[in-house]
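# Notes for the structure review
Next come the chains, spelled out residue by residue.
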Amino acid sequence: MLANLLLAFFLTLMGTGLALADWINLTAAEKLPNVAEIFVREDRVHIVLQLSEDSLENVAELLPEDMLRERGIEPEPIEQRMEQFAREKFQVIADGAIDLSATLRFSEQRPRKDRSSPVKGIVHPLTRQKAPDPPDKVRVLHAELDYFFDQKPKTLTFVPPLDGDGNPLLELGFIVYQESVPVIDFRELTGPATLTLNWNDPWVSAFEDPNLARHHRWPIMSFIYVEPREVRHEIVIRLRDLEDWADLNFDRNAPIADDGRRNILEAASRFFADKNPVIIDGTPAEPASVGTEFLDLSLAGIEVIEDDRNLDPVTAVLGVTLSYPVGQMPAEVTTIWQLFSDRIETVPVTSIDPIGPFPAEFGVTYPSHTWTNRLLRFEEPGVATVPVTDERSLKLPLLTIVLAVFALNAVAFALKASRWARGIGFAAALIFAAGAATTSDRFIATLPNPFANLPGDNEAKTAIRAIFANANASFYEINEDQLEVELSKFVYTGMAPIVYTELERANRVELPGGITARVGDINDVTISEIRPLDAGRGFSALAQWSAEAVGQHWGYLHLRELDLQARVEMIEDDRVWRLAGLTDLSIEIRE
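A brief report on the enclosed structure follows.

What counts, and at which threshold
- Residues numbered from 1 in each chain as written.
- Predicted model: local features only at pLDDT ≥ 70, side-chain atom pairs only at ≥ 80, totals over all residues.
- Heavy atoms only, no water.
- Helix = DSSP H or I, 4+ residues; strand = E, 2+ residues; numbered from the N terminus.
- Contact = heavy atoms within 4.5 Å.
- Areas by Shrake-Rupley, 256 points an atom, 1.4 Å probe, with all protein chains shown as cover.
- Buried < 20%, exposed > 50% of the residue type's maximum accessible area, 1.4 Å probe, protein only.
- Arc of directions from axis to C-beta.
- Pairing = 2+ DSSP bridges.
- Axes fitted to C-alpha atoms, helices over the stretch in contact; angles between N-to-C directions.
- Core = buried A, V, L, I, M, F, W, Y, C linked by side-chain atoms within 4.5 Å.
- Phe/Tyr/Trp six-rings, centres within 6.5 Å; stacked < 30°, edge-to-face > 60°.
- Salt bridge = Lys/Arg side-chain N within 4 Å of Asp/Glu carboxyl O.

## A short note on the overall build of the protein chain
A tally of regular secondary structure across the protein chain gives 11 helices and 30 strands. Once local pairs closer than 6 in sequence are excluded, the contacts in the protein chain between residues at least 24 apart make up 71%. Of the roughly 28800 Å² of accessible surface on the protein chain, a fraction of 52% belongs to carbon and sulfur atoms.

## Description of helix α11 (residues 496-507)
An α-helix turns once per 3.6 residues; consequently, residues spaced three or four apart project the same way. Looking only at α11, the buried set comprises Val499, Glu502, Leu503, Ala506 and Asn507. The arc enclosing the buried residues of α11, seen along the axis, measures out at 130°, which places them on a common side.

## Here we look at the sheet that holds strand β26 (residues 508-511)
Taking strand neighbours across the sheet as the criterion, the five strands line up as β26-β27-β28-β29-β30 in an open arrangement whose pairing is antiparallel. Where the open sheet ends on each side, the last strands, each with one partner, are β26 and β30 (576-589). Neighbour-to-neighbour, the strand axes of the sheet open up by a mean angle of 30°, direction not taken into account. As paired elements, strand β29 (residues 556-573) and β30 share 11 bridges and run antiparallel to each other. Paired with Met570 across the strands is Leu579, a residue of β30. Against the sheet, helix α9 (residues 457-474) engages β27 (515-533), β28 (538-553), β29 and β30, with an angle of about 150° to β27. Where α11 meets the sheet, it contacts β26, β27, β29 and β30, and its direction lies at approximately 50° from that of β30.

## Some words on the nonpolar core
Counting 52 residues, the largest nonpolar core has Leu503 and Trp545 as the members making the most contacts within it. Trp545 has contacts with Phe468, Ile522, Asn523, Asp524, Val525, Leu562, Asp563, Leu564, Gln565, Ala566 and Leu585, leaving out every residue within four places of it along the chain.

## Observations concerning the sheet that holds strand β11 (residues 193-196)
Strand order in the open sheet formed by five strands is β4-β3-β7-β11-β12, and the pairing between neighbours is antiparallel. Either end of the sheet is taken by a strand with one partner, and the two such strands are β4 (98-99) and β12 (206-207).

## Overview of the packing of aromatic side chains
Overall, the coordinates contain nine aromatic pairs when judged by the stated rule. Their ring planes at 65° and their centres at 6.4 Å tell us that Phe149 and Trp199 sit as a pair that is edge-to-face. Within this pair, whereas Phe149 is found in the loop between β6 (139-148) and β7 (155-159), its partner Trp199 is found in the loop between β11 and β12, the two being separated by 50 residues in sequence. Classification of Trp199 by relative accessible area gives partly exposed; the value is 21%. Geometrically, the ring pair formed by Phe539 and Trp577 is edge-to-face, given 5.1 Å between the ring centres and 85° between the ring planes. Within this pair, whereas Phe539 is found in strand β28, its partner Trp577 is found in strand β30, the two being separated by 38 residues in sequence.

## Overview of the environment of Ala473
Inspection of the secondary structure puts Ala473 in helix α9. In the structure, Ala473 is positioned 10 residues away from Leu483 in sequence and 9.7 Å away in space, judged by C-alpha atoms. Contact partners of Ala473, with chain neighbours within four places excluded, come to Pro381 and Gly382.

## Some words on the pattern of salt bridges
For the structure shown, the criterion picks out 36 salt bridges. A salt bridge links Glu65 to Arg69; its shortest N-O distance comes to 3.6 Å. Remark: Arg69 and Glu65 occur in helix α3 (residues 65-70); sequence separation between them is four residues, near one turn of the helix. A salt bridge links Lys275 to Asp274, with the shortest nitrogen-to-oxygen separation between them at 3.5 Å. Owing to a relative accessible area of 56%, Asp274 belongs among the exposed residues under this scheme. Beyond isolated ion pairs, a larger network of salt bridges with shared partners links Asp201, Arg238, Arg240, Asp241, Asp244 and Arg343.

Below is the structure:
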């Protein structure tokens, strides 16, 4: 058992190159004081630099002539400055031997490009730290340069400004695109970095340094999510690869407009509905739904393209989601991959469950992948009753009361009876009284206390926390009918349709990029403004709480911290608290 846990742990660590690193990009290289965006074109390397004022002394060749004169420097001819810059400061070397010359398109002071929004508020899944803020100084030197080449090189080496010992002269974050395909995500450029180019398929272009790799560096990826109520198979695939197997009816040489996008998505949904079979606990499963979306690779990972922009068919990427509802965590899930070609003989697959991602791959000779349940302490989500505390009820020993009444009646009878019957009456009274004394803890009836005050802060807080814990468990349900059953266990009769919308908002949060995240356990509950409801049977309170929203899609783990507030109404019903209202819900994603 211990061996299994250790194996799972080390597999998780070993899988960071495939899964954990793919979850979210928080290297913060895009937040460094200096940033280079490098674009490899058909005939040149185009470089966009944004340089902080503190770094300008190391790249003085790029300064406009008026800025040089302000610093007491008489500018040399621009050609001479660019020759020195391309030779000594920022080198671009083709095929390891040819130093490309630089042409300065222009340089000027500008506001720093805002690169904070893509990861704003994101929490790193391992360190639990938030993404760093951008530099304080908002003005930078914006310079654009071209390095031309006569023929397409096989490799390009980028060398940042270095001192005599080979150490970087400035902190420089960089990102590289070949045409419109990102070759890497933002990383820090600290020394020479060599890029091997594939001019037929830029997706295959890669740096020699494995640390300079794009997160999603495979043209096709498969992700198997195993959750308490759902097995989900998610696929990321390029349009140009899907075209090998499916008739998508589009022109590869023309941008894909909105109508064409819809037609492609519908065709892809039909195609994947019966491909790549999934077998759950030995039984072939049919997907309850198939969703397809166009995706955008960004600093925050993969995001759904929600606008109506035209798409480049060469670089367009599809996300496919197949949902298989289950009643509980399965023991085994097997997926059989069917899509191989002369170009694609292996496909990476990552199975993701509550204890981590487990990387593997499909291959032409091994197209089957099986996830096995090794969760040793997993508890299925479930709804629990929220009991009312004892002080809000009257406990009546019914048999004791009945016997006491009989004893009083017997005494009354004895006092009025004749002498010979009086003894019998008193004897009966003694018997009934003794019976009442010995049955005080039996046949107890619990009734609402009409004299009870409003619940105290602790009871109200405990009840509200428990109600939202029930809501969290309920919204694991994929089947709407089963969700309704679970809600009926803690929502007051007839109120489920009224509170459903707000409960869903509080438990399924839409994050930037089209990601739906499930809200986890609530914390830091505070309540105020407690008011009575329904003649003392309930209360209304303003509740504030925090929670963490967790969304897992296409190999990324999205974590956001939330602050929530709502007016909550609770009713005492059959000795338990039930949710009777949820209004004025506000949800704020922490910065």
